[in-house]
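Summary of the model geometry
One-letter residues, chain by chain:
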Amino acid sequence: MCGRFAQSFESAYIAQQLESGGLGVDDVRDSDTPRRPTYNAAPQTYQAVYRSVHGPSDASERTDGKTAESSTVTRGTNTEDTDTARPTRVLQSMKWGLVPFWTKRPPESASQLKTINCRDDSLIEGGRSMWNTMKERKRCIVPVQGYYEWQKRGRERLPFFTRRKDGGMMLLGGLYDSVRYETLPEDSPPLWTFTIITTAAAEGMGWLHDRMPLMFEEKCDAQLIAKWLDGQTWDDECAAMLRPFDPSKLESYAVKKDVGKVGNDSPSFIVPIDSKENKDNIANYFARSRSPVAKHEDEIDQPTDDETDRKETTENNAPMPEKHLHPHHAKGPAKEDLVPENELPFDFIPSHLETRPFEGLVVRTLTLRKAETGKIVDFIAKKLRSRDLNHLKRMRPIEDAKRVKVEDGEVRSRRNDPDGLVQILLCKADEMTEHELRQALDDHGVPEAKLEEVEVSRFPALSQKQFDAWKERWPLNWRVPATRRVNMTRADLERCQAVMEQCLSFAAQETTDGDLPVAAIAWNAETGEELARAKDARSSSGHPLKHAVMELVGAVAANEVVRRIEQPETAAQYLCTGLTIFISHEPCTMCCMALLHARAERVFFAKASERGGFASSYGIHYRKELNHRFAVFGGWMETRAESLEPDEYV
């Protein structure tokens with residue numbers, strides 16, 4: 001099969017290369033659905049496809065939705081007509097995962113992923129097939145640098161990259177289609193999608209996978225390519241083209257495991273894993289061993305049963321790196337391994353509840369001798385069970401009770417003296433009048449004593465600062481919540497620092513079309529692997545919601561969809577559950593809510609934003625009324641993050 005490929009070329013370069021090979025490009029169509037050159041093209045992303053235009057209405061059908069006056073398109077039907085005008089060759093941005101023209105409404109992601117490849121035998125055998133209409137006049141070519149495949153080694157999956165030995169562009173055969181869903185507005189542009197055809201693996205390539213994509217030789221197959229693109233019928237000559245490519249012209253080698261994660265993108269993905277150029281890769285930072293370059297199944301050392309039993313697989317069959325215990329999951333890390341909170345290079349971001357000022361609540365209290373408190377405790381337990389006061393201690397010694405006395409030259413405290421006085425909290429002042437409370441006390445046999453009103457804290461303390469200030473009004477029940485303790489080991493800090501540096505370096509890379517220098521990385525602290533990374537793409541895409549965090553969550557979701565299809569026997573993972581998110585800038589409220597709903601575990605950011613939803617505004621990460629709470633840390637390497645305008649939404 002072919003589930004990933006590299007297409008890092010700009011459209012202009014692809015057109016130039018096709019021209020030099022005798023394949024003209026008359027138009028480049030990517031205005032409405034711009035593609036982003038990538039070294040890790042995954043299903044459901046937009047990539048460049050080379051095709052012929054059949055007929056005048058097709059020639060006028062643009063991806064930006066503009067059509068010629070004479071062009072008419074029927075809803076839920078094919079957007080190309082049956083005219084036979086002289087073909088025009090175009091390079092067009094299409095979504096990977098074919099959606100047939102008869103589709104009435106957008107399909108689910110899982111079903112669309114099943115059409116990223118089309119087997120050659122389904123085209124040759126004929127009969128009833130969804131490919132019948134496409135194979136006759138909707139054939140295309142996908143120009144790539146090479147494609148990825150994962151080799152099975154027991155329970156382990158190793159990524160390999162296959163490319164032409166001469167370094168030339170690889171031309172993959174495919175099919176395409178276009179559709180307008182009935183559920184969309186009449187003036188909406190058509191959706192163009194494509195699939196890649198696969199054949200049986202060539203002799204000598206079966207060690208990697210039993211299938212490989214259909215390929216054309218750019219210069220030698222010029223006439224065949226013209227037939228493939230321009231023809232409007234399916235015949236024996238077309239069927240004869242469905243043959244494996246000459247393996248002597250290809251090379252395959254092991255590459256970095258990072259390529260298995262949808263959203264990851266790096267030029268190093270197409271470099272052999274044993275190359276010195278891979279030293280800066282984050283996966284190699286954690287990995288204990290390297291995978292050798294393998295070119296034939298006889299040269300590969302098969303792992304032992306003991307080795308395969310210890311291995312786990314992750315997204316797209318890529319194996320997980322060695323596990324490192326997350327401090328939140330570690331059972332009792334040694335104290336000497338924990339970094340003192342005052343030595344951490346970032347700030348703990350409190351929620352709005354942890355920084356709110358004192359708000360008072362008036363309660364009624366009773367002052368008694370300590371020896372007389374037995375009956376009042378029984379009275380409170382039976383008559384005054386108010387849950388709103390659980391954060392307050394029920395008794396406190398009054399000032400007079402703290403005096404010391406001297407008996408036979410001995411000085412001792414009166415705190416435990418039965419004659420000492422204590423003040424007892426009974427109830428909120430608005431629950432019972434003083435007369436009603438006095439009557440209830442008398443009925444219960446509580447001795448006559450002084451009743452008075454006292455102002456105490458209405459809310460429990462959530463931080464050390466609140467506790468220290470509010471306990472002066474009345475003693476509080478409090479301890480640092482386990483979820484708010486920063487239990488970070490030195491090893492975890494070093495790993496997190498490496499990922500944070502990767503994030504900031506990624507953000508500092510040259511941006512295009514006015515995109516903000518904002519980047520985000522999703523990282524699994526338990527396994528030590530990066531799951532996805534993303535940058536701001538609002539300006540280049542023309543889409544106002546393509547913030548870095550939104551793109552990141554989308555990449556994690558797409559990654560999970562692929563994993564569930566390829567590994568249906570494994571347990572499902574909900575988006576960012578258990579993941580640590582690294583962001584160059586504090587995200588806006590919308591993105592903070594996205595991280596909350598995605599169930600992120602920890603978030604680190606470098607530079608605060610005036611419109612941020614964590615430290616700067618709403619404290620979204622730890623609000624009582626929301627159904628998920630998580631830790632957020634800020635100010636880490638903030639001098640390395642670029643400054644943004646105050647009104648920018650990150």
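Presented here is a report on the structure given in the accompanying data block. Remember, it's a predicted structure, so these values are computed and weren't measured experimentally. (Residues numbered from 1 in each chain as written. Predicted model: local features only at pLDDT ≥ 70, side-chain atom pairs only at ≥ 80, totals over all residues. Heavy atoms only, no water.)

Let's shift gears to the overall build of the chain. Along the chain, the regular secondary structure elements total 17 helices and 26 strands. For the chain, contacts bridging at least 24 residues in sequence account for 75% of all contacts bridging at least 6. Per element, the accessible surface of the chain, about 30700 Å² overall, is 47% carbon and sulfur. (Helix = DSSP H or I, 4+ residues; strand = E, 2+ residues; numbered from the N terminus. Contact = heavy atoms within 4.5 Å. Areas by Shrake-Rupley, 256 points an atom, 1.4 Å probe, with all protein chains shown as cover.)

In this section: the packing of aromatic side chains. Taken as a whole and assessed by the stated rule, the structure comprises 21 aromatic pairs. Between Trp228 and Trp234, the aromatic rings sit 6.3 Å apart at their centres with planes inclined by 70°, giving edge-to-face as the arrangement. The pair formed by Trp228 and Trp234 is uniform in burial state, with each residue classed as buried. On the basis of an interplanar angle of 70° and a centroid distance of 6.2 Å, the ring pair of Phe358 and Trp470 is categorised as edge-to-face. With Phe358 in the loop between α10 (352-355) and β16 (360-369) and Trp470 in helix α13 (residues 464-470), this pair connects stretches of sequence that are 112 residues apart. Residue Phe358 is classed as partly exposed on the basis of its relative accessible area, which comes to 24%. Every member of this aromatic cluster is reached through a ring pair, and the members are Phe346, Phe348, Trp523, Phe582, Phe604, Phe633 and Trp636. Between Arg473 and the ring centre of Phe358, over which it is positioned, the NZ or CZ distance is 4.2 Å. (Phe/Tyr/Trp six-rings, centres within 6.5 Å; stacked < 30°, edge-to-face > 60°. Buried < 20%, exposed > 50% of the residue type's maximum accessible area, 1.4 Å probe, protein only. Lys NZ or Arg CZ within 6 Å of the ring centre and 35° of its normal.)

The element strand β10 (residues 170-179) is extensively covered by neighbouring structure, given that ten of its ten residues are classed as buried. Residues Met170, Leu172, Gly174, Tyr176 and Ser178 point to one face of β10 and Leu171, Gly173, Leu175, Asp177 and Val179 to the other, with burial holding for every one of them. With six bridges joining them, strand β7 (residues 139-144) and β10 adopt antiparallel strand pairing. Among the inter-strand pairings, Ile141 is bridged to a residue of β10, identified as Gly173. Direction of pairing for β10 relative to strand β13 (residues 215-216): antiparallel, over a ladder of two bridges. From the neighbouring strand, Leu172 faces β13, where its bridge partner is Met215. (Pairing = 2+ DSSP bridges.)

Sheet strands associate in pairs through backbone hydrogen bonding, adopting either a parallel or an antiparallel arrangement. Ordered by their spatial adjacency, four strands build an open sheet running β17-β20-β16-β21, and the pairing between neighbours is antiparallel. If you trace the sheet from one side to the other, it starts and ends with β17 (395-397) and β21 (450-457), each paired once. Averaged over all adjacent pairs, the angle separating strand axes in this sheet is 35°, with direction ignored. In this fold helix α12 (residues 434-443) packs onto β16, β20 (421-428) and β21, with an angle of close to 115° to the strand it touches most, β21. (Axes fitted to C-alpha atoms, helices over the stretch in contact; angles between N-to-C directions.)

Moving on, we get to the packing of helix α16 (residues 548-566) against helix α17 (residues 589-597). The description of two packed helices rests on the angle between their axes and on the distance between the axes. Close contact between α16 and α17 brings their axes to 9 Å; oriented N to C, the two are set at 25°. By the criterion of interaxial angle, the relationship of α16 to α17 is roughly parallel. Crossing hand, α16 versus α17: left-handed. Side by side, α16 and α17 meet where Val549, Met550 and Val553 of the first sit next to Met590, Cys591, Ala594 and Leu595 of the second. Among the residues forming the contact of α16 with α17, the class breakdown is seven nonpolar, no polar and no charged. (Parallel < 35°, antiparallel > 145°, perpendicular 65-115°, else oblique. Left-handed = near helix turned anticlockwise from the far one by under 90°. Nonpolar A, V, L, I, M, F, W, Y, C, P; charged D, E, K, R; others polar.)

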